[in-house]
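A structural walkthrough
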Amino acid sequence: MKDNINSSLLTKNKITKISDEEYLRQHDYLETVSAFARLTYESVYVIDYEKMAFEYVSENPLFLCGYSPAEVLNLGYEFYFKNVPEKDLALLNLINEAGFDFFARLPAEEKKLYSISYDFHLINQEGKPMLINHRLTPLFLSTDEKIWKAMCIVSISNHQDAGNVFIYKQGADEVWELDVKDNIWRKSEKAKLSSREIEILRLHAQGLTINQIAEKIFVVPDTVKYYRRRIFERLGVSNMVEALSYAVNSRII
């Protein structure tokens, strides 16, 4: 995989033509991206599919694997081949194929409303695998309605294993999950929580303990534990860290 120039990471979304209007539209947008990166702990970078290169890499250290932003920017796609384990490179290839096939079938006017989220390992500066969550959304489209430039956000994954591939549409309750074994997208509804469950999630996000939450909402601690169990069941998670990550990524809270 690392020596395969025909990897879909390099060929699947090949851009051949950008209109003058699109070039004008992206003028100075990197200033906005850079400002956003200063406000978040997450790593931010921009992919240019016309040049098959990175156009921007933030200073946030998680994604850098010990390199400087300038070094990662210079490496571009070679960064993946150097710092992603072989098994996860194969996974990225599959996600790339399935993701762009999904995107190609969308109505042109809706394409910028979608984002994809998935987990894979990076090898950090100590040589150890680190599971990260990678989210990508279109910034600009080419003349033939392919993704020309995309913004990517990298954070620590709340899962145990690579994969966990989901596509979300802004303002919609639907979510699509990729069955990596059968290479099929399966559509489902976003989990829904009651107002009380959302309140308890938000209080946990503020760092309150079960006893503190119980005192704040005037219930006994066992009632808070009951709501926690219901939250875990509805979201399909096993702990509060996973619940909060799911809720934030799905825009439940």
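Residues numbered from 1 in each chain as written. Predicted model: local features only at pLDDT ≥ 70, side-chain atom pairs only at ≥ 80, totals over all residues. Heavy atoms only, no water.

Points about the side chain of asparagine 83
Rules: Secondary structure counts use DSSP, requiring at least four H or I residues in a row for a helix and at least two E residues in a row for a strand, with both numbered from the N terminus. Here the term buried applies to any residue with accessible area under 20% of the maximum for its type, exposed to any over 50%, and partly exposed to those in between, with areas from a 1.4 Å probe on protein chains only. Between two residues, a contact is recorded if the distance between any of their heavy atoms is within 4.5 Å.
Assignment of secondary structure puts asparagine 83 in helix α5 (residues 78-83). Relative accessible area serves as the criterion here: at 6%, asparagine 83 is assigned to the buried category. Discounting chain neighbours no more than four positions away, the residues touching asparagine 83 are Cys65, Tyr67, His121, Leu122 and Ile123.

A look at the pattern of salt bridges
Between side chains of opposite charge, a pair can form as their charged atoms come close. Cut-off, in case you're wondering: For salt bridges, the criterion is a side-chain nitrogen of Lys or Arg within 4 Å of an Asp or Glu carboxyl oxygen.
Summed over the entire model, instances satisfying the criterion amount to ten salt bridges. Residue arginine 135 is joined to glutamate 42 by a salt bridge in which the shortest nitrogen-to-oxygen separation is 2.4 Å. Within this pair, whereas arginine 135 is found in strand β4 (residues 129-141), its partner glutamate 42 is found in the loop between α3 (29-38) and β1 (43-48), the two being separated by 93 residues in sequence. Judged by its relative accessible area of 12%, glutamate 42 is buried. As a salt-bridge pair, arginine 230 and glutamate 197 come within 2.8 Å of each other at their nearest N and O atoms. Of the two residues, arginine 230 is situated in helix α9 (residues 221-235) and glutamate 197 in helix α7 (residues 195-205); the sequence distance between them amounts to 33 residues. The exposure class of glutamate 197 is buried, given its relative accessible area of 0%. Within the structure, one salt-bridge network assembled from shared partners comprises Asp179, Asp182 and Arg186.

None of the figures reported here should be taken as evidence of function without further support.
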